[in-house]
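Read off the chains here:
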Amino acid sequence: MIEVVEKRNNNKVTNRIHLEFAALSDNESFARMAVAAFITPLNPTLEEMSDVKTAISEAVTNAVLHGYESRNSMEDRIYMDCMLRGDVLEVEIGDRGIGIEDVGMAMEPLYTSKPEQDRSGMGFAFMEAFMDDLEVESEVGCGTVVRMCKKIGTSSWIAIEE
Ligand SMILES: Nc1ncnc2c1ncn2[C@@H]1O[C@H](COP(=O)(O)OP(=O)(O)OP(=O)(O)O)[C@@H](O)[C@H]1O
Ligand SMILES: [Mg+2]
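What counts and what doesn't
- Residues numbered from 1 in each chain as written.
- Chains lettered and ligands numbered in written order.
- Predicted model: local features only at pLDDT ≥ 70, side-chain atom pairs only at ≥ 80, totals over all residues.
- Heavy atoms only, no water.
- Salt bridge = Lys/Arg side-chain N within 4 Å of Asp/Glu carboxyl O.
- Helix = DSSP H or I, 4+ residues; strand = E, 2+ residues; numbered from the N terminus.
- Buried < 20%, exposed > 50% of the residue type's maximum accessible area, 1.4 Å probe, protein only.
- Pairing = 2+ DSSP bridges.
- Axes fitted to C-alpha atoms, helices over the stretch in contact; angles between N-to-C directions.
- Contact = heavy atoms within 4.5 Å.
- Phe/Tyr/Trp six-rings, centres within 6.5 Å; stacked < 30°, edge-to-face > 60°.

This part is about the pattern of salt bridges. Across all of its chains, the model carries ten salt bridges by this definition. The salt bridge involving Glu-20 is made with Arg-77; its shortest N-O contact spans 2.7 Å. In this pair, Glu-20 is assigned in strand 1 (residues 15-22) and Arg-77 in strand 2 (residues 77-85), connecting sequence segments 57 residues apart. Under the relative-accessibility criterion, Arg-77 is labelled partly exposed at 23%. For Glu-28, the salt bridge identified is with Arg-32, shortest N-O distance 3.2 Å. Here the residue Glu-28 and the residue Arg-32 both occupy positions in helix 2 (residues 27-39), the gap between them amounting to four residues, near one helical turn. Within this structure, Glu-92, Glu-135, Glu-137 and Arg-147 form a network of salt bridges that share partners.

In structure tokens:
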């Protein structure tokens with residue numbers, strides 16, 4: 001899907017922001033609001049806005065809780081790259097935390113490595129449901145990158161030749 005997006009709009013990136021912030025649970029709402037502000041010029045519906053905010057929250061929460069094991073340290077950083085290609089939002093959220101041994105298993109709905117902390121194992125399932133595409137890359141000991149994209153608005157995925 002991300003390749004399809006890249007072909008759309010002749011691969012043209014129309015806006016881009018890069019944020020780096022401390023992996024503190026307080027920064028989850030900062031990240032969510034920053035992406036919401038970033039897509040506001042596209043006039044998203046309330047549902048699209050809420051979907052994007054939920055997906056961002058889940059990814060940032062995972063980086064804080066799992067990637068950096070809830071250390072809430074200023075030294076631990078989260079990297080967020082947001083791009084628009086016309087009306088398509090692409091977001092990359094990365095951490096340099098512990099990484100994921102088995103990404104396929106981690107992405108299974110209801111799988112959690114922290115059942116004792118009352119996690120429900122639905123974070124990746126929500127990201128998948130609320131966005132148009134989700135890719136996860138991870139290396140144990142190096143960190144994790146989550147890439148998501150979503151088209152905002154009702155125009156078709158197929159670019160119309162002019
Ligand atoms: N950034 C990350 N770094 C390391 N491990 C991760 C990261 N993100 C997810 N994981 C692993 O993937 C599992 C599944 O993540 P998911 O978000 O689906 O569920 P959860 O966080 O355990 O529960 P919930 O999101 O419902 O509170 C986590 O339990 C964790 O083991
Ligand atoms: Mg989660």
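This part is about the environment of Glu-75. By the secondary structure assignment, Glu-75 is in the loop between helix 3 (46-67) and strand 2. Residue classification places Glu-75 among the exposed positions, given a relative accessible area of 68%. On a C-alpha basis, the gap between Glu-75 and Ala-23 in space is 8.0 Å, while along the polypeptide they are 52 residues apart.

This part is about the sheet that holds strand 3 (residues 88-95). The strand order 1-2-3-5-4 describes an open sheet built from five strands, whose pairing is antiparallel. Each edge of the open sheet carries a strand with a single partner, namely strand 1 and strand 4 (133-139). Strand after strand, the sheet turns through a mean of 10° between neighbouring axes, direction not considered. Judged from the eight bridges that link them, strand 3 and strand 5 (residues 143-151) form a sheet pairing that is antiparallel. The residue of strand 5 that forms the bridge with Gly-94 is Val-145. Across the sheet, helix 2 touches strand 1, strand 2 and strand 3, and the angle it forms with strand 1 is around 170°.

Considering all chains together, one arrives at two aromatic pairs under this definition. The interplanar angle of 80° and the centroid separation of 5.7 Å between the aromatic rings of Phe-21 and Phe-30 together place this pair among those described as edge-to-face. Note on Phe-126 and Phe-130: the rings are 5.9 Å apart at their centroids and 20° apart in plane angle, and the pair reads as stacked. Within this pair, Phe-126 and its partner Phe-130 are both found in helix 5 (residues 123-130), separated by four residues, close to a single helical turn. For Phe-126, a relative accessible area of 31% corresponds to the partly exposed category.

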